[in-house]
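One-letter residues, chain by chain:
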Amino acid sequence: MRALLTVLILCVVFIGCKKDKKPVEQISAVSGKLYGVPFNAKVIIEKYNSFFRMPKYTQDQLFSIYISPDADKSCESSVQSFLIRLSVPKKVGRFSQDDVYVLITDPRDVTGQSGSLFNSENTIIEVTSITSDKIIGKVDIKGLDADTEFKGSFEAAICK
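Presented here is an overview of the structure given in this document.

Calculation notes
- One numbering rule holds for all chains: residues counted from 1, following each sequence as written.
- The predicted origin of the model limits local features to residues at a pLDDT of at least 70 and limits the giving and counting of side-chain atom pairs to 80 or more, whereas totals for whole chains, interfaces and linings rest on all residues.
- Computation of side-chain values covers all heavy atoms of the structure but excludes hydrogens and water.
- Secondary structure elements are taken from DSSP: a helix is a run of H or I of four residues or more, a strand is a run of E of two residues or more, and numbering for both begins at the N terminus.
- Each residue gets one of three labels from its accessible area relative to the maximum for its type: buried under 20%, exposed over 50%, partly exposed in between, using a 1.4 Å probe on protein chains only.
- Each accessible area is a Shrake-Rupley estimate made with a 1.4 Å probe; only the visible protein chains count as cover when residues are assessed.
- Cysteine sulfur atoms that pair up within 2.5 Å are treated as a disulfide.
- The term salt bridge refers to a side-chain nitrogen of Lys or Arg lying within 4 Å of a carboxyl oxygen of Asp or Glu.
- What is meant by a nonpolar core is a set of buried Ala, Val, Leu, Ile, Met, Phe, Trp, Tyr and Cys residues, joined one to another through side-chain atoms within 4.5 Å.
- Every residue pair with non-hydrogen atoms within 4.5 Å of one another is taken to be in contact.
- A 3.5 Å cut-off defines polar contacts: any pair of N or O atoms within that distance qualifies, except that in protein one atom must be a possible hydrogen donor and the other a possible acceptor, and neighbouring residues in sequence count only when both atoms are side-chain atoms.

What follows is about the overall build of the protein chain. Broken down by element type, the protein chain carries one helix and 11 strands. Mapped from its N terminus to its C terminus, the protein chain presents α and β elements in the order α-β-β-β-β-β-β-β-β-β-β-β. Every one of the 160 residues in the protein chain was classed for burial, and the buried ones make up 36%. Surface accessibility of the protein chain: about 10,100 Å² in total, with carbon and sulfur atoms responsible for 55%.

Under the counting rule described, the total for this entry stands at one disulfide. At a sulfur-sulfur separation of 2.0 Å, the disulfide partner of Cys75 is Cys159. Between Cys75 and Cys159, the disulfide has an S-S torsion of -85 degrees and is therefore left-handed. Of this pair, Cys75 sits in the loop between strand E4 (62-68) and strand E5 (84-89) while Cys159 sits in the segment after strand E11 (149-158), and the two are 84 residues apart along the sequence. Since its relative accessible area comes to 15%, Cys159 is described here as buried.

Our focus in this paragraph is unusual backbone geometry. The backbone of Tyr35 sits at a positive phi, close to 55 degrees, despite the residue not being glycine. Of note in this structure, Gln97 is not a glycine but carries a positive phi near 50 degrees. With respect to the helices and strands, the residue Gln97 is situated in the loop between strand E6 (93-95) and strand E7 (101-105). In this structure Gln97 comes out as partly exposed when scored by relative accessible area, which is 39%.

All right, on to the pattern of salt bridges then. Under the defined criterion, the tally for this structure stands at five salt bridges. Measuring nitrogen to oxygen at the nearest pair gives 3.6 Å for the salt bridge that ties Glu155 to Lys134. A residue pair is termed long-range when its members are at least 10 positions apart, and Glu155 in strand E11 and Lys134 in strand E10 (residues 134-142) qualify at 21 residues. On the basis of relative accessibility, which here comes to 49%, the residue Glu155 falls in the partly exposed class.

Further remarks concern the nonpolar core. Among the nonpolar cores identified, the biggest contains 27 residues, and Val30, Ile65, Ile67, Leu86 and Phe150 are the most heavily contacted of them. For this core, the elements supplying multiple residues, two or more each, are E4, E5, E7, strand E9 (123-130), E10 and E11. Beyond its immediate sequence surroundings of up to four residues, Leu86 is in contact with Phe63, Ser64, Ile65, Ile67, Tyr101, Val102, Ile125, Val139 and Phe150. Formed by five residues, the second largest nonpolar core is a distinct cluster that contains Ile45, Tyr66, Phe82 and Cys159.

Below, the discussion takes up the side chain of Thr148. Locating Thr148 in the fold gives a position in the loop between E10 and E11. Here the side chain of Thr148 touches Tyr35 through a polar contact of 3.0 Å, landing on its backbone nitrogen. Beyond its immediate stretch of four places on either side in the chain, Thr148 contacts Lys33, Leu34, Tyr35, Ile104, Ile141, Lys142 and Gly143.

Structure representation (structure tokens):
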């Protein structure tokens, strides 16, 4: 009888301790394909760009976020050496269409002269946090053709 009571207590304890674990959605780092070529971001920085303008914003109102699959890129690297540039307003929010621009260099072009500049309803950039040294957010970008799309989370170091 004592052994049965011990087993019963242990069963109640184990059942009572069982927790329902809800899966947490994990967003991976920015990855996808550019012109059909697989892409995985290794370096993401924000670097001021005085040359790019948008109808709704001045250069000072925009972040220019540069993304590269090459781990050796840094704030000292030329912005032309990055394959992706995202232009997005300097504020927390979810942006698309006329609030963003995406510039992509074709990774197959060794001269770095081919690419596309676009925005659309399928171009979504979300800035979730801004601090003095980094920008955190998410992207979900679908290019003008099916060969370019990428998404994921990012943490961009702000170049000083």
